[in-house]
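Below are the chains, spelled out letter by letter.
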Amino acid sequence: MRDDVQQLLSLQKIDQTIQSLNKELVKIPQQQEAAKERLANDTAAVAAAKKAYQENEVAIKNVELDIGTRKDTVTKLKNQQFETKKNEEYTRLGSEVTRYEEQIDEFETQELELMEVADQRKSDIATAEEALGKTQTLVDEEISGLEARATQFKEQLAEAESQRAQAADGLEEDLMDTYNRLYDKREGAAVAAVTRERSCKSCHVQVTPATYALAQSGAAISHCDNCGAILYPE
Ligand SMILES: [Zn+2]
């Protein structure tokens, strides 16, 4: 194999490494976002539990207001009862008082039930927060793991790039241009082996005997007749 083709082959290996590292690096922020999205469900569950608790608190407040207004009414009715001199009025006010006191009893029962619900809601919040905490820990671990990977890839990339500069050193500019153009066009297969059966390993088309002979002799750079890849004998 010609020295310059050998050198291009080394360069191509480094370029393939750089390309795959860049691909991996692009994926990392996407993977981190996907990890964060896993928190969304648990965060929503905590919010829903808190909302349910708040709604119940409002219901308790309303019941307390209902009890309060009825207690005020009972006080008023009892005052009226104390002041009246009519028996009939006294009895009527007495039954009103009883009616309101029964309502107060009902509301107080409701309040107790709502307070039990409040305890349940509080424990629902704790359960949801615990689940969120666990997911958060896992997601944090995943994100920091991905960050560590990114750091590793960046180090490998910097190393590959310095290797690339060394590998490209001394190559003719025209040959480099041809290689770079072919690398992009042939998706990383600018330099390819040609088999004994004269098959180009970049495009799998058979080259002419003259092209094959040139690749073997190395008298000049041999290009695949079909795809233009720089050939070397297998
Ligand atoms: Zn080819």
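These figures come from a predicted structure and were not determined experimentally.

## With respect to the domain arrangement of the protein
Phase 1 of the analysis: The domain architecture assigned to the protein consists of domain 1 (13-170) and domain 2 (172-234).
Phase 2 of the analysis: On a C-alpha basis, the centroid separation for the pair domain 1 and domain 2 is 64 Å.

## Observations regarding the environment of Ala192
Phase 1 of the analysis: Its location among the elements puts Ala192 in strand 1 (residues 191-194).
Phase 2 of the analysis: Ala192 sits in the buried class, given 24 other C-beta atoms within 10 Å.
Phase 3 of the analysis: Sequence spacing of Ala192 and Gln103 is 89 residues, and the spatial spacing of their C-alpha atoms is 93 Å.
Phase 4 of the analysis: When sequence neighbours within four positions are dropped, the list of residues in contact with Ala192 reads Cys200, Lys201, Ser202, Ala229 and Leu231.

## So, the environment of Asp72
Phase 1 of the analysis: Within the element layout of this structure, Asp72 appears in helix 1 (residues 3-83).
Phase 2 of the analysis: Separated by 38 residues in the primary sequence, Asp72 and Gln110 place their C-alpha atoms 19 Å from one another.

## Considerations on the nonpolar core
Phase 1 of the analysis: With 18 residues, the main nonpolar core has Ala190, Val191, Cys200, Ala229, Ile230 and Leu231 as its most contacted residues.
Phase 2 of the analysis: Of all the secondary structure elements, the ones that give two or more residues to this core are helix 1, helix 3 (173-185), strand 1, helix 4 (209-217) and strand 2 (230-233).
Phase 3 of the analysis: In this structure, Ala190 is in contact with Gln12, Tyr179, Leu182, Tyr183, Ala229 and Ile230, ignoring residues within four places of it in sequence.

## Looking at the pairing of strand 1
Phase 1 of the analysis: The pairing of strand 1 with strand 2 spans 4 bridges and is parallel. Paired with Ala192 across the two strands is Leu231, which belongs to strand 2.

## A closer look at helix 3
Working note: α-helix, 3.6 residues per turn, so residues spaced by three or four point in the same direction.
Phase 1 of the analysis: In this model, helix 3 (13 residues) spans 18 Å end to end at C-alpha, consistent with the 18 Å of a helix rising 1.5 Å per residue.
Phase 2 of the analysis: Among all positions of helix 3, only Tyr179, Leu182 and Tyr183 are buried. Along helix 3, the residues classed as buried sweep out an arc of 105° about the axis, all on the same side. Summarising the geometry of helix 3, the exposed residues directed more than 90 degrees from the buried face are Glu173, Asp174, Asp177, Arg181 and Asp184.
Phase 3 of the analysis: Buried-residue contacts for helix 3 involve helix 1 and strand 2.

Parameters at a glance
- Residues numbered from 1 in each chain as written.
- Predicted model: local features only at pLDDT ≥ 70, side-chain atom pairs only at ≥ 80, totals over all residues.
- Domains from an automatic or database assignment.
- Helix = DSSP H or I, 4+ residues; strand = E, 2+ residues; numbered from the N terminus.
- Buried ≥ 20, exposed ≤ 12 C-beta atoms within 10 Å, placed from the backbone.
- Contact = placed C-beta atoms within 7 Å.
- Core = buried A, V, L, I, M, F, W, Y, C linked by C-beta atoms within 7 Å.
- Pairing = 2+ DSSP bridges.
- Expected span 1.5 Å × (residues − 1).
- Arc of directions from axis to C-beta.

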